[in-house]
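This is what each chain is made of:
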Amino acid sequence: MATSVDPSVPSSTDRFAQPDAAGHFGPYGGVYVPETLMTALQELGAAYETARQDPAFVEELRHHLKEFAGRPTELYFAERLTAHCGGAKIYLKREDLLHTGAHKINNAIGQAILAKRMGKKRIIAETGAGQHGVATAAVCAKFGLSCRVYMGAVDMERQALNVFRMRLMGAEVIGVEAGQKTLKEAINEAMRDWVTNVRETHYILGSALGSHPYPMMVRDFHRVIGLETKDQIMAAEGRLPDEMIACVGGGSNAIGFFFEFLDDKAVRLVGVEAGGRGITRGEHAARFEGGKLGVLQGCKTYILQDSDGQIELTHSVSAGLDYAAIGPEHAYYRDQKRIDFAYACDDEVMEVFQLVSKLEGIIPALESTHALVHGLKRAKEMGPDEILIINLSGRGDKDVSQVQQMLDLKEPSSR
Ligand SMILES: *Cc1c(COP(=O)(O)O)cnc(C)c1O
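Let me begin by describing the structure that accompanies this report. Keep in mind that this is a model prediction, so the values were computed, not measured.

### Some remarks on the site of the ligand
- Taken together, 18 residues are adjacent to the ligand, and Lys 104, Ser 207, Gly 249, Ser 252 and Ser 393 come closest.
- Lys 104 places a polar side-chain atom, nitrogen or oxygen, 2.7 Å from an oxygen atom of the ligand.
- Between the ligand and the protein, one listed contact pairs an oxygen atom with a side-chain N or O atom of Ser 207 at 2.6 Å.
- In isolation the ligand offers 390 Å² of accessible surface; the protein chains occlude 96% of this area.
- Spatially, the ligand is embedded in the largest cavity.
- Among the residues making up the shell around the ligand, the classes are represented as 5 nonpolar, 11 polar and 2 charged.

Okay, here's the thing in structure tokens:
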């Protein structure tokens, strides 16, 4: 399936989905950075444009996605979940089976080989829960690149195991003590580093966010998810699905999963945000539930902010969805009414995390569980002749100790 991992293959959706020259998807996206980074982003955009049209780059990408990351991933029929819901046939796209445990490796590989082409030997990255940091550390080890990962001090404490993983693979992990000491501050610090060391450094941004060309480029590196899914569902069912559901933090797994289906108007596409403890200020990370247009970290999009433009506190049980801004392409397709959005709350996520583990023998990442929560609701409403595909963006091994602690607090007698 050589074509299935090929970001240079013109898609039927390309004409409808390329940003303009300044990186805008409608009113969203763009480039909002200091002068010094403008040049770096233009250089990156030009290098990416050349690379994606170069068969040698495409072949190298294909090779590493297969040999190192473990593509293609299965499209798995979840028989017991389907029976449990009693409605639509439920399939899971198994990105959880990839090396390092989540979809993030698709993008990390793509950007690392691009950095090599550009002659950059030093890689920096930000990470929240640590999944992107681990993926970046792994590809840097593989390609012999030096790697520095910025991580909020609070996240380093919460995700100590991922910090150790990164260090084992040779990455330097730098704790960020500013502000809330989480993802937003880590991105600020990474951007500061990039401005200073831009000549020898490439910044591997981990989601479909930030300034152009990142949202487009990160999307392209994840398009393989949807390309494979389309082939696989045609092989399994001989037709396209009725609905597809993915969780949305910055939006990279969702846009990669959805992209090949944008022109298939009969396929309903739904992104699921983090409803946290409920839709009250500071208690959630659902940008389409009260977010407003603004600029954050180089990108114009929907942002959770107060009336003075101050970024609001966010909360989610899953660190990977806990961010105040959403990828600009999602905001655009929401306006176009092509992607719908829903949210799932922490307590529903905790329940479905356990349910899916028990029924399918698959422990999903808390992020992916948001998509499962909404998916199970939808499956019950749909008929048995309908098909639903949920993107299982990652595995939950990283989350088990957090969930264990939360369950112990809730019902100490039961375990
Ligand atoms: C990081 C992460 C997410 C959220 O990021 P997106 O860019 O929205 O995909 C979702 N699921 C998993 C497993 C992650 O690690």
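### Here we look at the layout of surface pockets
- Empty space within the largest pocket amounts to approximately 540 Å³.
- Top contributing element to the lining of the largest pocket by residue count: helix α15 (residues 400–410), with 5 residues.
- Residues belonging to the lining of the largest pocket are distributed by class as follows: 8 nonpolar, 8 polar and 9 charged.
- Its volume calculated, the second largest pocket comes out at about 220 Å³.
- Gln 180, Thr 182, Leu 183, Thr 314 and Asp 322 are the residues nearest the centre of the second largest pocket, which is lined by 16 residues in total.
- Listing elements by their share of the lining of the second largest pocket, those giving two or more residues are α7 (153–158) and α9 (183–197).

### Looking at the pattern of salt bridges
- Counted according to the given criterion, the structure contains 34 salt bridges.
- Between Lys 89 and Glu 237 there is a salt bridge, and its shortest N-O distance comes to 2.7 Å. Of this pair, Lys 89 sits in strand β4 (residues 89–94) while Glu 237 sits in helix α10 (residues 214–237), and the two are 148 residues apart along the sequence.
- A relative accessible area of 25% places Glu 237 in the partly exposed class.
- Across the pair Glu 381 and Arg 378 runs a salt bridge, and its minimum N-O distance is 2.5 Å. Here the residue Glu 381 and the residue Arg 378 both occupy positions in helix α14 (residues 366–381), the gap between them amounting to 3 residues, near one helical turn.
- Exposure remark for Glu 381: the relative accessible area of 58% places this residue in the exposed category.

What counts, and at which threshold
Every residue gets a number counted from 1 within its own chain, in the order that chain's sequence is written. Only residues with pLDDT of 70 or above have their local features reported here, since the model is predicted, and side-chain atom pairs are shown and tallied only from 80 upward, although totals for entire chains, interfaces and linings are computed over all residues. To obtain the side-chain values, all non-hydrogen atoms of the structure were used and water was disregarded. Each residue is tested against the molecule or strand, and it is near if at least one of its non-hydrogen atoms lies within 4 Å. Distance and chemistry together define a polar contact, namely a pair of N or O atoms within 3.5 Å, with one atom able to donate a hydrogen and the other to accept it when in protein, and with adjacent residues in sequence counting only for side-chain atoms on both sides. Residue exposure ignores everything except the shown protein chains as possible cover, and the areas themselves are Shrake-Rupley values with a 1.4 Å probe. Detection works on a 1 Å grid of protein atoms alone, calling trapped sets that fit a 1.4 Å probe cavities and calling open sets with protein on both sides within 12 Å along at least five of seven lines pockets, with lining residues defined by an atom within 4 Å of a point. Assignment of a molecule to a cavity or pocket requires that more than half of its atoms lie within 2 Å of the corresponding grid points. All amino acids are sorted into three groups, where Ala, Val, Leu, Ile, Met, Phe, Trp, Tyr, Cys and Pro are nonpolar, Asp, Glu, Lys and Arg are charged, and the leftover types, Gly among them, are polar. Grid points are joined across faces, edges and corners, and a volume is the space filled by probe spheres set on the points. Helix and strand definitions follow DSSP, with helices as H or I runs of at least four residues and strands as E runs of at least two, each counted in order from the N terminus. Any carboxyl oxygen of Asp or Glu that lies within 4 Å of a side-chain nitrogen of Lys or Arg is treated as forming a salt bridge with it. Burial classification: accessible surface area is computed with a 1.4 Å probe over protein chains only, and a residue below 20% of its type maximum counts as buried, one above 50% as exposed, and the rest as partly exposed.

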